[in-house]
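# Per-entry structural report
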Amino acid sequence: MVKVQTEPNATLLDVLREELRISSVKRGCEVGECGACTVLIDGKPVNSCLILAPKVEGRSILTVEGLTRNDELHPLQESFIEEFALQCGYCTPGVLLTAKALLDLKPSPTIEEIKEALSGNICRCGAYQEIINAILKTSRKLQGKSD
Amino acid sequence: MRADYVNLVNTHTVPVRFMYHSPETLEEALRLMREYGGEARVMAGGTDLIVDMKLRRKEPKHIVSLNKIRGIEYIVEEDGGVRIGANTKLRSIEKNSIVRERFEALYEAVRSIASVQVRNMGTLVGNICNASPAADSAPPLLVYDAVVKARSIDGERKIKIRDFFKGPGKTCLKDDEIVTEVFIPYPPGDSASTFFKISRVSMDLAKVNIAILVKLSSNVVEDFRIALGAVAPTPLRIPKAEEYLRHKPLNEENLNIVEKIVSEEIKPITDVRSTEWYRREVSKILVRDALNSTIKKLVRT
Ligand SMILES: Cc1cc2nc3c(=O)[nH]c(=O)nc-3n(C[C@H](O)[C@H](O)[C@H](O)COP(=O)(O)OP(=O)(O)OC[C@H]3O[C@@H](n4cnc5c(N)ncnc54)[C@H](O)[C@@H]3O)c2cc1C
Ligand code: FES
Ligand code: FES
């Protein structure tokens with residue numbers, strides 16, 4: 001829990017980056033198109049660049065920092081490394097959160113469902129195929145199936 | 001670069017100073033709207049409003065957020081249709097089984113909007129109140145003859161969706177009114193509906209969108225409704241095409257005439273997304289494709 005005082009015209013993205021120094025949440029287009037600023041609010045992916053800070057008073061917000069537990073990477077993060085699901089990494093925090101929200105809701109998503117979930121996350125490096133592979137791999141891992 | 005080409009507007013900040021109000025009841029919100037009238041803006045999901053403020057297209061002095069108001073987030077069946085509350089997110093609408101089964105065109109339209117993230121925030125009511133000529137929910141709501149319920153301190157008013165849009169960004173709402181819900185009557189039994197949209201990429205607004213509803217009795221058209229968006233200052237029903245096709249057999253000759261009527265009735269412009277010529281041509285094809293797809297649905301059931 002953190003308390004921050006801000007102007008009402010600050011976005012959640014502004015507060016996370018400038019006040020709380022959580023720089024994993026990226027600034028991209030800032031108009032809701034690229035998904036680099038994705039965070040999860042109550043488990044659902046949203047664009048923090050389109051949310052005024054006062055709107056999220058009292059809500060729980062998950063950034064990629066919250067995926068690791070006791071310095072251990074989340075299975076998604078491990079799969080992303082194993083599958084080379086990134087190049088520059090700019091889209092990665094947002095993509096990981098989108099993927100987490102999907103797997104929490106649908107532990108075994110189809111490729112179509114993965115594509116739909118990722119429709120709001122642009123990867124300029126074009127790592128989509130590897131991203132999809134990594135999500136499928138995580139899904140199998142989490143269900144206790146080995147490759 | 002010439003000075004007048006320099007874009008002084010960027011999207012990094014919200015360059016507008018405003019008071020943020022987050023009332024917990026609708027009554028309180030209505031009181032605030034009465035008090036601040038033209039200087040206030042309602043904010044539902046904010047997916048249109050915040051972009052507009054970043055680009056300085058809107059500079060409200062007061063924002064009245066619907067976020068904390070309980071009891072306006074619902075999809076309920078009632079009185080021969082469904083009622084959808086002002087705070088109901090697009091994502092919940094697309095996940096709703098009644099919408100999916102009975103309002104196919106609305107389901108297809110909502111699913112086509114932006115991304116999961118935007119649909120987790122944005123609302124159906126915000127989509128129509130923003131009054132973009134390209135709003136994807138507008139053509140389906142037009143063919144279903146939806147009714148918009150607006151409230152002010154003085155009471156409630158019901159507005160037919162056909163009378164709701166007044167121009168790009170303009171509705172018939174008064175400064176102190178808040179839309180509380182949209183009522184969508186069930187389409188006639190044994191009818192089917194379809195939504196189609198042509199856009200540059202899936203994230204972009206439509207170049208042209210269309211919704212149609214068809215009811216057949218053997219091969220004769222019993223009911224036909226058609227609405228298009230992004231082809232005029234407001235989303236449009238095309239009554240002339242509807243009247244022409246009703247009680248006629250669905251054949252090539254009649255189809256050609258309907259396509260022609262539609263392309264003559266619309267008033268498209270050339271803008272960043274498309275040209276007038278292209279919009280007229282592609283509208284014809286959309287009419288045909290939407291009809292074909294709807295008839296397939298009818299045959300299946
Ligand atoms: C990246 C991106 C892609 C998009 N793609 C599409 C698309 O493909 N198709 C499409 O149709 N739209 C699209 N949109 C636009 C937008 O997401 C939708 O119009 C959305 O439904 C707006 O809902 P909202 O709740 O966010 O509205 P808000 O931004 O909160 O409000 C929009 C307007 O309506 C007014 N308003 C809202 N609620 C009420 C109310 N209850 N009573 C009175 N006035 C009200 C506000 O004052 C404001 O002027 C896109 C937006 C973004 C950012
Ligand atoms: S920065 Fe928010 S979607 Fe691009
Ligand atoms: S890895 Fe570079 S944008 Fe996705």
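It should be noted that the structure appears before, not after, this text.
I will try to describe carefully the structure that is included in this document. Computed from a prediction, not measured in an experiment: that's the story for all the values here.

### Focus on the site of ligand 1
Residue and element names in this part refer to chain B.
- In the neighbourhood of ligand 1, 37 residues make up the surrounding shell, with Val 42, Thr 47, Asp 48, Thr 123 and Asp 136 lying closest.
- Contact distances for ligand 1 include 3.5 Å between an oxygen atom and a backbone N or O atom of Ala 114.
- Look at ligand 1: alone it shows 990 Å² of surface, and the protein chains cover 95% of it.
- Looking at which element gives the most residues to the shell around ligand 1, the answer is helix H7 (residues 124-129), with 4 residues.
- The class makeup of the residues in the shell around ligand 1 is 20 nonpolar, 10 polar and 7 charged.

### Quick look at the sheet that holds strand S3 (residues 61-62) of chain A
Residues and elements named next belong to chain A.
- In spatial order, the strands read S2-S1-S3; together these 3 strands make up an open sheet with antiparallel pairing. Edge positions in the open sheet fall to strand S2 (44-47) and S3, since each of these has one partner strand only.
- Here 4 bridges tie strand S1 (residues 38-41) to S2, and the two strands are oriented antiparallel to one another. Counterpart to Ile 41 in the pairing with S2 is Lys 44.

### Re the nonpolar core
Residue and element names in this part refer to chain B.
- In terms of nonpolar packing, the biggest core is built from 55 residues, with Phe 103, Leu 106, Leu 141 and Ile 184 touching the most fellow members.
- Contacts of Leu 106, omitting those with residues within four sequence positions, involve Ile 93, Val 99, Leu 124, Ser 137, Pro 140, Leu 141, Tyr 144 and Ile 184.
- Core analysis: the second largest hydrophobic core is formed by 28 residues, Val 221, Ile 226, Val 258 and Leu 291 among them.

### Here we look at unusual backbone geometry
Residue and element names in this part refer to chain B.
- Phi at Ala 131 is positive, roughly 55°, even though this residue is not glycine.
- You can call Ala 131 buried: its relative accessible area is 1%.
- Residue Asp 190 is not a glycine yet carries a positive backbone phi of 60°.
- You can see Asp 190 is positioned in the loop between strand S10 (178-185) and strand S11 (191-198).
- Since its relative accessible area comes to 65%, Asp 190 is described here as exposed.

Calculation criteria
- Residues numbered from 1 in each chain as written.
- Chains lettered and ligands numbered in written order.
- Predicted model: local features only at pLDDT ≥ 70, side-chain atom pairs only at ≥ 80, totals over all residues.
- Heavy atoms only, no water.
- Near = heavy atom within 4 Å.
- Polar contact = N/O pair within 3.5 Å; in protein donor to acceptor, adjacent residues only side chain to side chain.
- Areas by Shrake-Rupley, 256 points an atom, 1.4 Å probe, with all protein chains shown as cover.
- Helix = DSSP H or I, 4+ residues; strand = E, 2+ residues; numbered from the N terminus.
- Nonpolar A, V, L, I, M, F, W, Y, C, P; charged D, E, K, R; others polar.
- Pairing = 2+ DSSP bridges.
- Core = buried A, V, L, I, M, F, W, Y, C linked by side-chain atoms within 4.5 Å.
- Buried < 20%, exposed > 50% of the residue type's maximum accessible area, 1.4 Å probe, protein only.
- Contact = heavy atoms within 4.5 Å.

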